[in-house]
Amino acid sequence: AKLSSVPHGNFAGRYPAGIAQPITLAKNGVRHIRLLPSGEKEEVLAVGLACSECFSGPRLAKLLQPGFEYEKKAMEDMMAGNFAAPLSIHTSAGVPAALSGFIEALEPLLPWK
């Protein structure tokens, strides 16, 4: 059942649920192009956001490239009807091959090391 006539109306983020929120259409570093609830587009400088916003452009692309390639290969395999590497898997069925690399990358950042 639809609870709100506002697009994304059941989502509460910067504004309460039921309030139409700007939609970010594109980003280039701190420059964002947003679609306002009025239908107008605006460019804003988004400064002071969460720390994940420090990655953009080539740095973000470099960070995301391995995962993108993994997903691309899995999609190609699925579309061909072949076995494919799991994009997600319940731990009762096994663990993904990427788990070891993830743990190794995380280990140096753990507070008890």
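Here, every reference points to the structure presented above.
Bear in mind the structure is a predicted one, so any value in this text is a computation, not a measurement.

Draft legend 1. Layout of the overall build of the protein. Within the protein, the secondary structure is distributed over two helices and three strands. The order of α-helices and β-strands along the protein, N terminus first, is β-β-β-α-α. Buried residues in the protein amount to 9% of all 113 residues. At a minimum sequence separation of 6, the contacts of the protein that also span at least 24 residues come to 3%. Split by element, the accessible area of the protein, about 9500 Å² in all, is 63% carbon and sulfur.

Draft legend 2. Local environment of the sheet that holds strand S1 (residues 23–28). Read from one edge to the other, the open sheet built from three strands follows the order S1-S2-S3, with strand pairing classed as antiparallel. Edge strands, defined here as strands with exactly one partner in the open sheet, are S1 and strand S3 (41–45). Averaged over all neighbouring strand pairs, the angle between strand axes comes to 25°, with direction disregarded. For strand S2 (residues 31–35) and S3, the ladder comprises five bridges, and the chain directions are antiparallel. Pairing of Ile 33 across the sheet is with Glu 43, part of S3.

Draft legend 3. Inspection of the side chain of Asp 77 at higher detail. Mapped onto the elements, Asp 77 comes out in helix H1 (residues 57–79). In this structure Asp 77 comes out as buried when scored by relative accessible area, which is 14%. Beyond its immediate chain neighbours, meaning those up to four positions away, Asp 77 contacts Asn 82, Phe 83 and Ala 84.

Draft legend 4. Local environment of H1. Most pronounced at Leu 64, the bend in H1 amounts to some 45°, and the proline Pro 66 follows within four residues. One or two steps after H1, the chain reaches Gly 81, where phi turns positive at roughly 80°.

How each quantity is defined
- Throughout, a residue's number is its position along its own chain's written sequence, starting from 1.
- A pLDDT threshold of at least 70 governs which residues receive local features in this predicted model, and a stricter bar of 80 or more applies before side-chain atom pairs are shown or counted, although totals over entire chains, interfaces and linings include all residues.
- Water and hydrogen atoms play no part in the side-chain values, which are based on all heavy atoms of the structure.
- The helix and strand labels rest on DSSP assignments: H or I over at least four residues marks a helix, E over at least two residues marks a strand, and numbering proceeds from the N terminus.
- The rule is simple: take the accessible area with a 1.4 Å probe, protein chains only, and divide by the maximum for that residue type; under 20% is buried, over 50% is exposed, in between is partly exposed.
- Every residue pair with non-hydrogen atoms within 4.5 Å of one another is taken to be in contact.
- Here the Shrake-Rupley method, with its probe set to 1.4 Å, supplies the accessible areas, and only the displayed protein chains count as covering residues.
- Strand pairing is assigned whenever DSSP detects at least two bridges linking the two strands.
- Inter-axis angles, ranging from 0 to 180 degrees, are taken between N-to-C directions of lines fitted to C-alpha atoms, where helices are fitted over the stretch in contact.
- Two axes enter the definition of the bend at a residue: one is fitted to the seven residues ending there, the other to the seven starting there, and the bend is the angle between them.

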